[in-house]
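Residue-level structure breakdown
Residue strings, one per chain:
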Amino acid sequence: MGLVLASLAACAGTAAPAPAGPSPAPRPSGAPAAAAPPPVVAPAAKAAPADVPRPTKLLTVPEARRYMLALVNRDRASQGLGPVELDEGPPTIAGQAHAEDMVRLGYLGHWGSDGSVPEQRHTEAGGADMVLENALCFTDEIKRTSDPKPLVDPRQIERAESQFFDEVPPNDGHRRNILRPAHTRVGIGVAQSTETAKELAVPCFTQEFVDGYGVYAPLPRTAKVGATVHVEGTLTGARPTGVGIARVASPKPIAPSELNRRRSYPVPKPYQTYWGPGFVTPIVAQITGPKIAIDVPLSDKGQPGLYEISIWAKLGPSNEQVMVSLRTIRVE
């Protein structure tokens, strides 16, 4: 039998850079200065992670997900980080669809064959949190059938996690994604080609890491250019600071040859960010404790496209601005 394992490759998504910090609005003479930010406290040292025993049989997809989760949490624990939980909702639904798409067409990437990107797939599966994707698959551009009920060799799951985690700087995007402290949950996609007389079955994987810090009011799936949408969220363990809007071209089908040329996926940086009271901003976001709300226009110079609505916050004692929610709207 032929074997295509040698052509397996991996790629990682990267978070958008934080927007330029908000400029304070002019304060009247004698107004109190802002308090100094609290010091950043390093996480307490943790015991060395326990080894994860290898299963002694081939695994169903649910079992494969749980084994990969155990390996991810082992690797996070090795660096003093807490575990993430398996989210079998939107992150797994989105990741599973993408893994199956890669298997069927023989490509690796963060763009799907329909032109979709990770946050779009997560949004359309019902997700609202920030998501960053790791992916691993073969790249020979041969069409295959995805096995509807695969049995996965646990050694292939170990190989995938090792390929992600054993990277070294500066080419260590997957490792940094696994070790991102803000992650709270992960969705896992597991798809495998059907074994044939000429070829062994080969699995492909996705890891959809989620930063779950809030509950958010729904957004429309589609809208017209210039429409106004209401963005609202209530955060837990995070302090809301602003709302950003980015735009990319409307998704269109992409050939596998082009998908294989695209590797690292940078989350788009907002073209406009709206801040809370006390800062220079086109529209003031209303922030009350953990709650943020604002009505914003969808118009990047009147252009249609895939608009990306982000909510930004500061986690714990940190003063770093990070995305905690990222959703997409198709705007025509």
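Residues numbered from 1 in each chain as written. Predicted model: local features only at pLDDT ≥ 70, side-chain atom pairs only at ≥ 80, totals over all residues. Heavy atoms only, no water.

1. Topic: the state of the cysteines
For the coordinates displayed, the defined rule picks out one disulfide. Note that Cys137 is cross-linked by a disulfide to Cys204, the S-S spacing being 2.0 Å. The disulfide joining Cys137 to Cys204 has a torsion of about 60 degrees about its S-S bond and is therefore right-handed. Placement of Cys137 in strand S3 (residues 130-137) and of Cys204 in strand S5 (residues 203-211) is noted, with a sequence separation of 67 residues between them. A relative accessible area of 0% places Cys137 in the buried class. (Disulfide = S-S within 2.5 Å. Helix = DSSP H or I, 4+ residues; strand = E, 2+ residues; numbered from the N terminus. Buried < 20%, exposed > 50% of the residue type's maximum accessible area, 1.4 Å probe, protein only.)

2. Some details on the confidence of the model for the protein chain
Summarising the model, the protein chain shows a mean pLDDT of 89, and 86% of its residues fall at 70 or more. When the criterion is pLDDT under 50, residues 23-48 qualifies, and its contacts beyond four places in sequence or with other chains add up to 19 contacts. (pLDDT = per-residue confidence, 0-100. Contact = heavy atoms within 4.5 Å.)

3. Thoughts on the sheet that holds strand S8 (residues 228-235)
Read from one edge to the other, the open sheet built from four strands follows the order S6-S8-S13-S12, with strand pairing classed as antiparallel. Lying at the two open borders of the sheet, with one neighbouring strand each, are strand S6 (214-216) and strand S12 (286-288). Here the average twist between neighbouring strands, direction ignored, is 15 degrees. Direction of pairing for S8 relative to strand S13 (residues 291-297): antiparallel, over a ladder of seven bridges. Following the sheet pairing, Val229 is matched in S13 by Val296. (Pairing = 2+ DSSP bridges. Axes fitted to C-alpha atoms, helices over the stretch in contact; angles between N-to-C directions.)

4. Quick look at the sheet that holds strand S9 (residues 238-248)
Here five strands make up an open sheet; going across it, the order is S7-S15-S14-S9-S11 and the pairing mixed. Among the strands making up the open sheet, the edge pair consists of strand S7 (222-223) and strand S11 (272-275). With nine bridges connecting them, strand S14 (residues 305-315) and strand S15 (residues 322-331) associate as antiparallel partners. Bridge pairing links Tyr307 to Ile329 in S15.

5. What about the packing of helix H1 (residues 61-77) against helix H4 (residues 154-165)?
Packed helix pairs are specified by the crossing angle of their axes together with the interaxial distance, meaning the distance between the axes. For the pair H1 and H4, the least separation of the axes is 10 Å and the interaxial angle reads 35 degrees. As for the relative orientation of H1 and H4, their crossing is right-handed in sense. On H4, the residues that touch Ala64, Tyr67, Met68, Leu71, Val72, Arg74 and Asp75 of H1 are Pro154, Ile157, Glu158, Ala160, Glu161 and Phe165. Counted by class, the contact of H1 with H4 contains nine nonpolar, no polar and four charged residues. (Left-handed = near helix turned anticlockwise from the far one by under 90°. Nonpolar A, V, L, I, M, F, W, Y, C, P; charged D, E, K, R; others polar.)

6. What about unusual backbone geometry?
Most peptide bonds take the trans configuration, and most residues that are not glycine carry a negative phi. The step from Pro169 to Pro170 runs through a cis peptide bond, and the omega angle for that step is 0 degrees. A positive phi angle, close to 60 degrees, is found at Glu141, a residue other than glycine. As for its placement among the helices and strands, Glu141 is situated in the loop between S3 and H4.

7. Looking at the side chain of Asp300
Along the chain, Asp300 turns up in the loop between S13 and S14. Asp300 gets classed as buried once you look at its relative accessible area, which sits at 13%. If near-sequence neighbours (up to four positions away) are discounted, Asp300 is found in contact with Arg247, Tyr271 and Tyr307.

8. Concerning the pattern of salt bridges
Enumeration according to the criterion identifies 17 salt bridges in this entry. Here Arg247 makes a salt bridge to Asp300, at a shortest N to O gap of 3.0 Å. A residue pair is termed long-range when its members are at least 10 positions apart, and Arg247 in strand S9 and Asp300 in the loop between S13 and S14 qualify at 53 residues. Sharing partners across several salt bridges, the network here consists of Asp87, Asp129 and Arg185. (Salt bridge = Lys/Arg side-chain N within 4 Å of Asp/Glu carboxyl O.)

9. Quick look at H4
Owing to its 3.6 residues per turn, the α-helix brings residues three or four apart onto one side. Taking 1.5 Å per residue as the helical rise, H4 with its 12 residues ought to reach 16 Å, and the 16 Å between its terminal C-alpha atoms agrees with that figure. Where H4 is concerned, the buried positions are Pro154, Gln156, Ile157, Glu158, Ala160, Glu161, Phe164 and Phe165. (Expected span 1.5 Å × (residues − 1).)

10. Here's the deal with the packing of aromatic side chains
In this structure the tally under the stated criterion is two aromatic pairs. Their ring planes at 90 degrees and their centres at 5.0 Å tell us that Trp111 and Tyr265 sit as a pair that is edge-to-face. In this pair, Trp111 sits in the loop between helix H2 (90-105) and helix H3 (118-124) while Tyr265 sits in strand S10 (residues 265-266), placing the two residues 154 residues apart along the sequence. Each member of the pair Trp111 and Tyr265 is classed as buried. When the centroid spacing of 6.3 Å and the interplanar angle of 85 degrees are considered together, the rings of Tyr271 and Tyr307 count as edge-to-face. Here Tyr307 lies in strand S14 and Tyr271 lies in the loop between S10 and S11, a separation of 36 residues in the sequence. With a relative accessible area of 31%, Tyr271 lands in the partly exposed category. Overall, the relative accessible area of 0% leaves Tyr307 in the buried class. The ring of Phe165 carries the charged tip of Arg175 above its face, separated from the ring centre by 4.3 Å. The ring of Trp111 has Arg262 sitting right over it, with the charged end atom 5.0 Å from the ring centre. (Phe/Tyr/Trp six-rings, centres within 6.5 Å; stacked < 30°, edge-to-face > 60°. Lys NZ or Arg CZ within 6 Å of the ring centre and 35° of its normal.)

11. Points about the nonpolar core
Residues Val231, Leu298, Ile309, Val324 and Ile329 are the most contacted members of the largest nonpolar core, which totals 27 residues. Looking at this core, the elements with two or more residues in it are S8, S9, S13, S14 and S15. Sort the elements by how many residues they give to this core and S14 lands first, with five residues. Apart from the residues lying within four places of it in its own chain, the contact partners of Val324 are Asp129, Met130, Asp211, Tyr213, Tyr216, Leu235, Ile311, Ala313 and Leu315. (Core = buried A, V, L, I, M, F, W, Y, C linked by side-chain atoms within 4.5 Å.)

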